[in-house]
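# Topology and contacts: notes
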Amino acid sequence: MRAVCWNGTHDVRIERVPDPEILNPRDAIVRVTLTAICGSDLHLYDGYIPTMKAGDILGHEFMGEIVEIGAGVQNLRKGDRVVVPFNIACGRCYFCTGKMWSCCDNSNPNAWMAETAYGHSPAGLFGYSHMLGGYAGGQAEYVRVPFADTGPLKIHNGMRDEEVLFLSDIFPTGYQAAENCGIREGDTIAVWGCGPVGQFAIRSALMLGAERVFAIDHFPQRLDLARQGHPGQFHEDDRIETINFDEDEVYDHLMSATGGRGPDACIDAVGLESHGTTVDALFDRIKVASLLATDRIHVLRQAARTVRKNGTISIPGVYGGFADKFPIGAIFGKGITIRCGQTHVHNYMQPLLERIEKEEIHPSFIISHRYNLDEAPDAYKNFRYHQNECRKVVLCP
Amino acid sequence: MKSTNIGALEQILSLGIGSGLIVHGLGQKTRRGILPLLFGSGLLIHGLTSHSRLYEAIGIDELHGSHIRHPLNRTVHFRGSITINRSQEDLYSFWRDFKNLPRFMQNIVAVQELDERHSRWQARGPFNKNFYWEAEILEERQNELIKWRTIEIHSNLEHEGVLSLRRAVGNRGTILSLDCRWTPPGGIFGAAMAKLLPDDPARQLSEDLRRFRQLMEAGEISRNQRASVDLDHSGLARKAREVGNKPGIVESVGTEQPL
């Protein structure tokens, strides 16, 4: 089959590889009908995530048709259309039974690597380094799905792939980020980063009762998309206000907009490659370039300074290692709660599918580019270097 | 930890030879004196501090090492525990049926039960060397504990261990603890080698415990299949397929490859 393989920093190629096979009773093989490049794939592309090896198949947002099932899978049949969560969960350990799916104890065959780095191993992920399982990803014609009786969500009706694909990651990720804010009626939320996850976080915050959302970025087209409010209805939503951090000082703007109180919660939808033009951001770049730190946390510092006292910082953006100048003083002094972690996708797929069915949201609004799988190297390059125009890329095998 | 871990004889020899080398080194007028000077200083420090970092790193302790039969024989000690979301009864009955152990223990090839208390074991060691031993159960409490040791005359590996099971606080499954020691062949060098090998037996045992949990909770051992071009010719992908086609056989493929 054809697959998108990582071969090193900024080196992604289409290669012919052996077809996946059933290895365990609870496996299934999915013929991929639509897959996407995630913002977190760019962290791999840029070489920020350790334990990648040349030849690894990328991709953790995918959906398709079941073509083969293991003897232990009772709830699926050949021909079923499914969306697959990006994290792999056994469904039976302490964490899965407690609905903490992204912390599954049993799905990472390379758990010792993550344990060495983090003390414990989170769940295995599709196509996201050997430390997180070494599983082949879904940017391919076929993919093996372990614990297929637990993760995949069946799509019964005639819904288009483009409307449901993002249930695999970014829609639940944005939604969980908003949920982690503990939003109460009338809250003000500030979202850093208007990439795909940020866009879903903005809309989810409104769904959960926020009265006002500030969207922060410096790419005009992303800010425009954020302002368009409820997808499908392309009019400006006056509950959403945008801040271009190239033109405006974020802290000052938010303080004057909230009468000095600050947003009730801040969402960092940027993660470890956060950039900015301030002194601390420059310092981060130097530190990372000289290997004295791995993660840049400019956004996190700004959020800690901005959020109201006793407020919440929710982090859906990916972090991987260690950061410098962590704002523990502001966090302690203001009594800030930080909520973060990989998304427990399994909890959100069904309820969010219902929202899509009720047309409360059309997730395909995020797609800006459609490519054939063979064009993946160009797609990665475009997504990486033209973040203004290129918001979300889907690949069709 | 800075405690004494070398014996008196080694200490005296280190001090003696070290001083000798330093005197010899200082006597040389040319650069040839540097090497004995450095080596002698090292030995002197080794003797004075009576502590070796190298020994500590590879787990040699000449004073506190227990179970010493021969001055050069050293034991390897593994102690690990894991919480499993199953009852003590389930875990005990699966483990006590020793034939099940090769399903999740990577190095155990086969187990044969001879009678209630005796069993014969066969294992793969480093460099494809095979080990065999006969184990005798010394103590057994149903659903709680199994204690065993090898019978020397029928074994080429000395080994003893205790498996214990107890209820986790708050009824959150069962805590399994495994404590075992064995004496690798090759004495002190064997023990050092065992620690330095990529498939360090102690680490493999902790992996085995994790695989046991996967088997007991998820019903299977998680495996990845790295379908990529370079591996297709190395045999690893082939191995994945062979293993994958045999139902009931569980063996990790991707995990064995060190980074």
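Residues numbered from 1 in each chain as written. Chains lettered and ligands numbered in written order. Predicted model: local features only at pLDDT ≥ 70, side-chain atom pairs only at ≥ 80, totals over all residues. Heavy atoms only, no water.

So, on to the overall build of chain B. Within chain B, the secondary structure is distributed over eight helices and seven strands. For chain B, the proportion of its 259 residues judged to be buried stands at 46%. Summed over all atoms, the accessible surface of chain B reaches about 14,100 Å², with 56% contributed by carbon and sulfur. (Helix = DSSP H or I, 4+ residues; strand = E, 2+ residues; numbered from the N terminus. Buried < 20%, exposed > 50% of the residue type's maximum accessible area, 1.4 Å probe, protein only. Areas by Shrake-Rupley, 256 points an atom, 1.4 Å probe, with all protein chains shown as cover.)

On to helix H8 (residues 250–257) of chain A, then. Residues and elements named next belong to chain A. Taken together, the buried positions of H8 are Val-250, His-253, Leu-254 and Met-255. The inward-facing, buried residues of H8 contact strand E11 (188–192), strand E12 (212–217), strand E13 (240–244) and helix H10 (298–306). Taken from the residues just after H8, Gly-259 is the one with a positive phi, measuring 60°. (Contact = heavy atoms within 4.5 Å.)

Membership of the largest hydrophobic core comes to 75 residues, with the highest contact counts inside it found for Phe-166, Leu-167, Phe-171 and Ile-189 of chain A. Each residue touching Ile-189 of chain A, except ones within four places of it in the same chain, is listed here: Cys-181, Ile-183, Ala-205, Ala-210, Arg-212, Val-213, Phe-214, Pro-263, Ala-265 and Ile-267 of chain A. In this structure, Leu-91, Trp-95, Phe-131 and Ile-146 of chain B belong to the second largest nonpolar core, which totals 36 residues. (Core = buried A, V, L, I, M, F, W, Y, C linked by side-chain atoms within 4.5 Å.)

Per the stated rule, a full pass over the model turns up 13 aromatic pairs over all chains. Measuring from centroid to centroid gives 5.6 Å for Phe-200 of chain A and Phe-365 of chain A, while their planes differ by 70°, and the two rings are edge-to-face. Taken together, the residues span a long stretch of sequence, with Phe-200 of chain A in helix H6 (residues 196–207) and Phe-365 of chain A in the loop between helix H12 (345–357) and strand E17 (369–372) at a distance of 165 residues. The class of Phe-200 of chain A is buried, set by a relative accessible area of 0%. Between Phe-94 of chain B and Phe-212 of chain B, the ring centres sit 6.0 Å apart and the planes meet at 45°, which makes this aromatic pair tilted. Linking Phe-94 of chain B in helix H4 (residues 88–96) with Phe-212 of chain B in helix H6 (residues 201–218), this pair joins segments that are 118 residues apart in sequence. Accessibility expressed as a relative area gives 0% for Phe-212 of chain B, which makes it buried. (Phe/Tyr/Trp six-rings, centres within 6.5 Å; stacked < 30°, edge-to-face > 60°.)

The next thing to look at is the pairing of strand E2 (residues 108–113) of chain B. All names here are of chain B. Looking at chain direction, E2 and strand E3 (residues 118–124) are connected through five bridges and run antiparallel. Bridging across to E3, Gln-112 finds its partner in Arg-120. Following E2, the chain reverses through four residues before pairing antiparallel with E3. (Pairing = 2+ DSSP bridges.)

So, about the sheet that holds strand E16 (residues 337–340) of chain A. Residues and elements named next belong to chain A. Strand order across the open sheet formed by six strands is E13-E12-E11-E14-E15-E16, with parallel pairing between neighbours. A strand with exactly one partner marks an edge of an open sheet, and here the two such strands are E13 and E16. Averaged over all pairs of adjacent strands, the angle between strand axes in this sheet comes to 20°, irrespective of strand direction. As paired elements, E11 and E12 share five bridges and run parallel to each other. Across the sheet, Trp-192 pairs through a bridge with Ile-216, a residue of E12. Sheet strands in contact with H8 are E11, E12 and E13, and its direction is about 170° off that of E12. (Axes fitted to C-alpha atoms, helices over the stretch in contact; angles between N-to-C directions.)

Before going further, it helps to spend a moment on the sheet that holds strand E2 (residues 11–16) of chain A. Residues and elements named next belong to chain A. With respect to topology, three strands assemble into an open sheet ordered E2-E1-E4, the strand pairing being antiparallel. The open sheet has two free edges, formed respectively by E2 and strand E4 (56–57), since each of these has just one partner strand. Of the strands in this sheet, strand E1 (2–8) and E2 touch helix H13 (residues 376–385), which is tilted by about 160° from E2.

On to the environment of Ile-183 of chain A. Residues and elements named next belong to chain A. By the element assignment, Ile-183 lies in the loop between helix H5 (170–179) and E11. Relative accessible area serves as the criterion here: at 16%, Ile-183 is assigned to the buried category. Taking the C-alpha atoms as reference, Ile-183 lies 9.8 Å from Glu-211; in sequence the two are 28 residues apart. Ignoring sequence-local partners within four residues, the contact set of Ile-183 consists of Ala-178, Ile-189, Ala-205, Leu-208, Gly-209 and Ala-210.

Scanning all chains against the criterion turns up 28 salt bridges over all chains. We note a salt bridge from Arg-384 of chain A to Asp-46 of chain A, for which the minimum N-O separation is 2.8 Å. Taken together, the positions of Arg-384 of chain A in helix H13 and Asp-46 of chain A in the loop between helix H1 (39–45) and E4 put the pair 338 residues apart, joining distant regions of the chain. Close ionic contact of Arg-210 of chain B with Glu-207 of chain B constitutes a salt bridge, the shortest N to O distance being 3.1 Å. Pair noted here: Arg-210 of chain B and Glu-207 of chain B are both in helix H6, with a separation of three residues, about one helical turn. Of the two residues examined, Arg-210 of chain B and Glu-207 of chain B, each falls in the buried class. (Salt bridge = Lys/Arg side-chain N within 4 Å of Asp/Glu carboxyl O.)

So, on to the confidence of the model for chain B. Residue and element names in this part refer to chain B. Per-residue pLDDT for chain B averages 76, and the proportion of residues at 70 or more is 69%. Confidence, expressed as mean pLDDT per element, reaches its minimum in chain B at helix H8 (residues 236–245) with 38 and its maximum at H4 with 97. Scored below 50 in pLDDT, residues 65–71 makes twelve contacts in the model with residues more than four places away or belonging to other chains. Low pLDDT, under 50, characterises residues 227–259; the predicted model gives this stretch 56 contacts beyond four residues in sequence or across chains. Across the assembled chains, the prediction reports ipTM 0.88 with pTM 0.81. (pLDDT = per-residue confidence, 0-100.)

A few words on the interface of chain A and chain B. Between chain A and chain B, the contact holds 41 residues from the first and 30 residues from the second. A combined buried area of about 3,100 Å² lies between chain A and chain B, and 46% of that area is made up of carbon and sulfur atoms. Seen at the junction of chain A and chain B, the total is two salt bridges. Across the salt bridge formed by Glu-115 of chain A and Arg-210 of chain B, the nearest N and O atoms sit 2.8 Å from each other. Between the two partners, chain A and chain B, sit 14 residue pairs in polar contact (both at pLDDT 80 or more). If you list the elements that add at least two residues to the side of chain A that touches chain B, you get E2, E4, helix H2 (94–97) and helix H3 (111–118) of chain A. Of the residues forming the side of chain A that touches chain B, the biggest block, four residues, is contributed by H3 of chain A. (Buried area = accessible area lost by both parts, 1.4 Å probe. Polar contact = N/O pair within 3.5 Å; in protein donor to acceptor, adjacent residues only side chain to side chain.)

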